[in-house]
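Residues per chain, in single letters:
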Amino acid sequence: QQPVQSPQAVILREGEDAVINCSSSKALYSVHWYRQKHGEAPVFLMILLKGGEQKGHEKISASFNEKKQQSSLYLTASQLSYSGTYFCGTGYSGGGADGLTFGKGTHLIIQP
Amino acid sequence: DVKVTQSSRYLVKRTGEKVFLECVQDMDHENMFWYRQDPGLGLRLIYFSYDVKMKEKGDIPEGYSVSREKKERFSLILESASTNQTSMYLCASTPLGDNYGYTFGSGTRLTVV
């Protein structure tokens, strides 16, 4: 079953912050975050594993709440280049071999 | 840089044709995946492989098969193409292990008429 992403879409002004959520109905082992620009392949942003809580750097970071089976991606002081569709991909076992289940995506539009 | 190359960017095929989509990666990755991407549905896993000649069904394998005869190449086969298989197909690869993200190819946009 696909993880649920929210919101489906968000429009921001440059410099504003955004939070994208990803929730699973199954116990998570890992959560990946990707960004896809129109007409391009998804690009890996970061991975969070069971047992870890927070990752990333100042501008783009993510958290992983095992108890709630959810992850959130934080985009701080957004830039025009952050526009795109963000996908979370969830893994339910270790080793990386099983294939991720992706959410339907969150469309992020950053306006000047 | 890891590169995942999909042989065709655009393909148009007729209903009933057998269609081959090819994917090659150049970084010796063990794992390879095929996804299809449709508007509003996200990426859905068709098949994956963690080793040569090994294959596993994903969430939507019906109407598809795969072949992995060499480590670097993973082929997706549409046995008898149908219009509901019109989609963007994305190939990805990753090494074995927990800490690696997927590297995606640029995709093949397949139209079945």
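In this text, all values refer to a predicted model and were calculated from it rather than measured experimentally.

Quick question: what am I supposed to make of the interface of chain B and chain A here?
One widely used convention gives an interface's size as the accessible area the parts lose upon coming together. Contact residues are listed per partner, giving 26 residues for chain B and 23 residues for chain A. Between chain B and chain A the total buried area reaches about 1800 Å² when both faces are included, carbon and sulfur atoms providing 53% of it. The three residues of chain B that bury the most area against chain A are B:L43, B:D98 and B:Y102, which together make up 31% of that side's buried surface. Counting the contacts that link chain B with chain A gives zero salt bridges. If you look at where chain B meets chain A, you find six residue pairs in polar contact (both at pLDDT 80 or more). Contributions of two or more residues to the side of chain B that touches chain A are made by β5 (31-38), β6 (42-49) and β10 (87-94) of chain B. Residue contributions to the side of chain B that touches chain A peak at five residues, all from β6(B). In the side of chain B that touches chain A, the residues fall into twelve nonpolar, ten polar and four charged.

I'm lost on the pairing of strand β12 (residues 108-112) of chain B in this one. Help?
Along a regular strand, successive side chains alternate from one face of the sheet to the other. Residues and elements named next belong to chain B. Alternating positions in β12 separate cleanly, T108, L110 and V112 being buried on one face and R109 and T111 remaining unburied on the opposite face. In this structure, strand β2 (residues 10-13) lies alongside β12, joined through four bridges in parallel fashion. Paired with K13 across the bridge in β12 is V112. Pairing of β10 with β12 involves three bridges; the strand directions are antiparallel. Opposite Y89, over in β12, you have T108 as the bridge partner.

Parameters at a glance
Residues numbered from 1 in each chain as written. Chains lettered and ligands numbered in written order. Predicted model: local features only at pLDDT ≥ 70, side-chain atom pairs only at ≥ 80, totals over all residues. Heavy atoms only, no water. Contact = heavy atoms within 4.5 Å. Buried area = accessible area lost by both parts, 1.4 Å probe. Salt bridge = Lys/Arg side-chain N within 4 Å of Asp/Glu carboxyl O. Polar contact = N/O pair within 3.5 Å; in protein donor to acceptor, adjacent residues only side chain to side chain. Helix = DSSP H or I, 4+ residues; strand = E, 2+ residues; numbered from the N terminus. Nonpolar A, V, L, I, M, F, W, Y, C, P; charged D, E, K, R; others polar. Buried < 20%, exposed > 50% of the residue type's maximum accessible area, 1.4 Å probe, protein only. Pairing = 2+ DSSP bridges.

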